[in-house]
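Secondary and tertiary structure notes
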Amino acid sequence: ATEPARFMTRWITHFCAPVFVFLAGTSAFLYSTRGRTTQELSRFLLTRGIWLVLIELTLVRLAWTFSFDLSYFFSQVIFAIGASMIALSVLVFLPRGAIAAIALVLIAGHNLLDPIKAEMFGAAAPVWNFLHEPGFLQFGGVKWFAVYPLVPWIGVMAAGYALGPIFTLVRETRTRWLVG
């Protein structure tokens, strides 16, 4: 049996990553309101995303494993945030309504993809592991554990971006929208 304090601690931490990724999307929108063009925003998201992916594969990996052995890697939350920023760097060229629709489809519909298994894709199975189904992958002599599938995380970041304009409203209006 799990005691209540341990359960609540574990339960509340499940909100950390989704809220952080959502607010990263919102921050991207707010960054764009400071006189930057869509191209500048896209470039920023692309380069920041690439940096986060590289940091996950180097510094974060080293911090988790205390090993310089390059025969195994993990793609965890920092990787998912970076990859979501890379995806958002493309999505920002769409109308905000389209970004919101894509976000809702990805968030609400990703579990509908559960019956589709990576092995159904043959040689392309690793792509499915990165997009939807966590799994251990083998690339030659390198092992990779795809921990955070990207489909829902891209949706959460896109939702934060789509909701961004609400954060520019006056406090009373913003609060009414967010509580509603």
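Calculation notes
Residue indices follow the written sequence of each chain, beginning from 1 at its first position. Selection of residues for local features in this predicted model requires a pLDDT of at least 70, selection of side-chain atom pairs for listing and counting requires 80 or more, and totals for whole chains, interfaces and linings are taken over all residues. Heavy atoms throughout the structure, all of them, feed into the side-chain values; hydrogens and water do not. Within this scheme a cavity is a closed region of a 1 Å grid, computed over the protein atoms alone, that accommodates a 1.4 Å probe without allowing it to escape, whereas a pocket is open but has protein on both sides within 12 Å along at least five of seven lines; lining residues each have an atom within 4 Å of a point. Grid points are joined across faces, edges and corners, and a volume is the space filled by probe spheres set on the points. Note on conventions: DSSP H or I runs of at least 4 residues are helices, E runs of at least 2 residues are strands, and numbering of each starts at the N terminus. Under the scheme applied, nonpolar residues are Ala, Val, Leu, Ile, Met, Phe, Trp, Tyr, Cys and Pro; charged residues are Asp, Glu, Lys and Arg; polar residues are all the others, including Gly. Any two residues whose heavy atoms approach within 4.5 Å at even a single point are treated as in contact. Here a polar contact is taken to be a pair of N or O atoms separated by no more than 3.5 Å, where protein atoms must pair a possible hydrogen donor with a possible acceptor and residues adjacent in sequence count only if both atoms sit in side chains.

1. Considerations on the layout of surface pockets
The space that makes up the largest pocket amounts to roughly 170 Å³. In this structure, the largest pocket is lined by R10, T13, H14, A17, P18, Y148 and W153. Taken together, the elements giving at least two residues each to the lining of the largest pocket come down to α1 (4-13) and α2 (16-32). Here the lining of the largest pocket is composed, by residue class, of four nonpolar, two polar and one charged.

2. Observations concerning the environment of E56
Here E56 lies in helix α3 (residues 38-65). As for E56 and Q76, which are separated by 20 residues in sequence, their C-alpha atoms are 7.5 Å apart. When residues no more than four places from it in sequence are discounted, the contact partners of E56 are R61, F74, Q76, V77, I78 and F79. Of note is the side chain of E56, whose polar atom sits 3.0 Å from the backbone nitrogen of I78.

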